[in-house]
Amino acid sequence: MKKSITVFTLILCILALFVSCKKQKDSSKFVIGATPSPHAEMLELVKDEMSKQGYALEIKEFTDYVTPNESLESGEIDANFFQHLPYMNSFNRDRGFHLVNAGAIHIEPLALYSKQFDSLDAFKQSKSIKTIAIPNDPTNEGRALLLLESAGLITLKDSSALESTPKDIKDNPFGLKFREIEAATLPRILSDVDGAVINGNYAIPAGLLATRDGLYVEGADSPYVNIITVKSGRENEAVVKALVKALKSDNVKKYIQDTYPNGEVVLVN
């Protein structure tokens with residue numbers, strides 16, 4: 001009887017050790033949501049480095065701007081990498097989320113593209129009534145209108161407002177009409193409008209290069225820096241710090257320089 005108890009106790013200890021090891025293994029797993037280009041591409045580059053530090057980086061791709069934040073807030077993922085700070089702040093305000101910036105990584109310059117015109121001057125000189133498609137989410141819509149103001153196409157009532165809409169246009173000397181479209185759809189409808197303001201991470205997969213194809217490109221001093229986003233309270237975790245550091249490595253810098261030599265993606269210090 002005593003021997004049976006000893007064997008049973010040994011089995012329990014082995015099971016406990018197995019469960020403990022499994023939990024420890026699972027605790028190293030870090031799931032991050034990202035849009036495909038260039039975010040998921042950059043994350044793939046740092047998987048080996050993260051693994052060397054004991055972190056198993058799992059990348060979950062998203063093709064929209066809403067689900068990655070919902071998944072992060074719900075705890076389905078540990079972080080995301082696709083958005084800039086004004087967009088994250090608008091989500092926190094509008095949805096009551098608790099997301100924070102864990103590190104600034106890069107800028108993807110916004111640009112005005114057109115299949116109908118080959119230059120901004122040609123666009124301005126045309127006497128036809130022109131339609132421009134812009135993102136329909138609050139921060140990217142405001143960002144697009146600021147770009148159009150900088151290009152001399154419109155004047156806003158308040159140029160310091162980051163979430164302007166077409167209703168906030170003060171002067172529209174070219175009589176532009178606007179179509180507010182989901183950001184991911186903009187490259188597909190470019191041929192149907194006279195111009196479209198498209199975010200870099202949707203322009204790049206569509207074969208559009210801001211410096212080559214853009215009629216007007218956002219300046220490098222843009223405040224819309226793409227960030228690593230986590231739930232509040234996790235920004236100082238070792239794995240998060242390691243990820244931010246890895247994304248600023250020489251390996252990533254070389255990849256960006258080689259893959260986006262025309263400034264489509266600009267890393268920040």
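Throughout what follows, the structure given in this document is the object of discussion. (Residues numbered from 1 in each chain as written. Predicted model: local features only at pLDDT ≥ 70, side-chain atom pairs only at ≥ 80, totals over all residues. Heavy atoms only, no water.)

1. Some remarks on the overall build of the protein
If you tally the helices and strands in the protein, you get 11 helices and 13 strands. Expressed as a percentage of the 269 residues in the protein, the buried residues total 47%. In the protein, the share of contacts with a sequence separation of at least 24, taken over all contacts with a separation of at least 6, comes to 74%. Summed over all atoms, the accessible surface of the protein reaches about 13400 Å², with 53% contributed by carbon and sulfur. (Helix = DSSP H or I, 4+ residues; strand = E, 2+ residues; numbered from the N terminus. Buried < 20%, exposed > 50% of the residue type's maximum accessible area, 1.4 Å probe, protein only. Contact = heavy atoms within 4.5 Å. Areas by Shrake-Rupley, 256 points an atom, 1.4 Å probe, with all protein chains shown as cover.)

2. Notes on the sheet that holds strand 3 (residues 79-84)
Taken together, the six strands give an open sheet; going across it, the order is 2-1-3-12-4-13, and neighbouring strands pair in mixed fashion. Whereas interior strands pair on both sides, the edge strands pair on one side only; in this sheet they are strand 2 (56-61) and strand 13 (266-267). As judged from the three bridges shared by strand 3 and strand 12 (residues 226-231), these two strands associate in the antiparallel manner. Residue pairing for strand 12: N80 is matched across the bridge by T229. The strands touched by helix 2 (residues 36-45) are strand 1 (29-34), strand 2, strand 3, strand 4 (99-107), strand 12 and strand 13; relative to strand 2, the strand with the most contacts, the crossing angle is about 165 degrees. (Pairing = 2+ DSSP bridges. Axes fitted to C-alpha atoms, helices over the stretch in contact; angles between N-to-C directions.)

3. Considering helix 4 (residues 67-74)
Those residues of helix 4 that sit buried are P68, N69, S71, L72 and E73. Of the surrounding elements, those touching the buried residues of helix 4 are strand 3, helix 5 (85-95), strand 4 and strand 12. One or two steps after helix 4, the chain reaches G75, where phi turns positive at roughly 90 degrees.

4. Observations concerning the nonpolar core
Burial of nonpolar side chains together is a common tendency in soluble globular proteins. Among the nonpolar cores identified, the biggest contains 29 residues, and I32, L43, I228, L243 and L247 are the most heavily contacted of them. Broken down by secondary-structure element, the contributors of at least two residues to this core are strand 1, helix 2, strand 2, strand 3, strand 4, strand 12, helix 10 (238-246) and helix 11 (250-259). Broken down by element, this core gets its largest block of residues, six residues, from helix 10. Of all hydrophobic cores here, the second largest spans 28 residues; its members include Y87, M88, F91 and F97. (Core = buried A, V, L, I, M, F, W, Y, C linked by side-chain atoms within 4.5 Å.)

5. Looking at the packing of aromatic side chains
Under the defined criterion, the tally for this structure stands at eight aromatic pairs. Through successive ring pairs, a cluster of aromatic residues spans Y65, F82, Y87, F91, F97 and Y202. The residue whose ring lies beneath K130 is F123, and the NZ or CZ to ring-centre distance is 5.4 Å. (Phe/Tyr/Trp six-rings, centres within 6.5 Å; stacked < 30°, edge-to-face > 60°. Lys NZ or Arg CZ within 6 Å of the ring centre and 35° of its normal.)

6. Describing the pattern of salt bridges
In the structure shown here, the tally under the stated rule is 11 salt bridges. For E58, the salt bridge is made with K29, and the minimal N-O distance between the two is 3.0 Å. In this pair, E58 sits in strand 2 while K29 sits in strand 1, placing the two residues 29 residues apart along the sequence. For K29, a relative accessible area of 42% translates into the label partly exposed. (Salt bridge = Lys/Arg side-chain N within 4 Å of Asp/Glu carboxyl O.)

7. Here we look at the sheet that holds strand 6 (residues 131-135)
If you walk across this open sheet you meet the five strands as 9-6-10-5-11, and the pairing is mixed. Lying at the two open borders of the sheet, with one neighbouring strand each, are strand 9 (177-181) and strand 11 (216-217). Bridging between strand 5 (residues 111-113) and strand 11 involves two bridges; their strand directions are antiparallel. By the bridge assignment, A111 is partnered in strand 11 with V217. Taken strand by strand, helix 7 (residues 138-150) contacts strand 5, strand 6, strand 9, strand 10 (195-198) and strand 11, and its axis lies near 140 degrees from that of strand 6.

8. Topic: the packing of helix 2 against helix 11
Packing of helix 2 against helix 11 leaves a shortest axis separation of 10 Å and a crossing angle of 140 degrees. Regarding the angle of helix 2 to helix 11, the classification is oblique. You can see that helix 2 and helix 11 cross each other, and the crossing is right-handed. Each of E41, M42 and L45 in helix 2 lies in contact with helix 11, whose residues at this interface are N251, V252, Y255 and I256. (Parallel < 35°, antiparallel > 145°, perpendicular 65-115°, else oblique. Left-handed = near helix turned anticlockwise from the far one by under 90°.)

9. With respect to the side chain of N226
With respect to the helices and strands, N226 occurs in strand 12. Exposure remark for N226: the relative accessible area of 4% places this residue in the buried category. What N226 contacts, discounting residues up to four positions off in sequence, is H39, F81, F82, Q83, H84, G103, A104, I105, H106 and E108.

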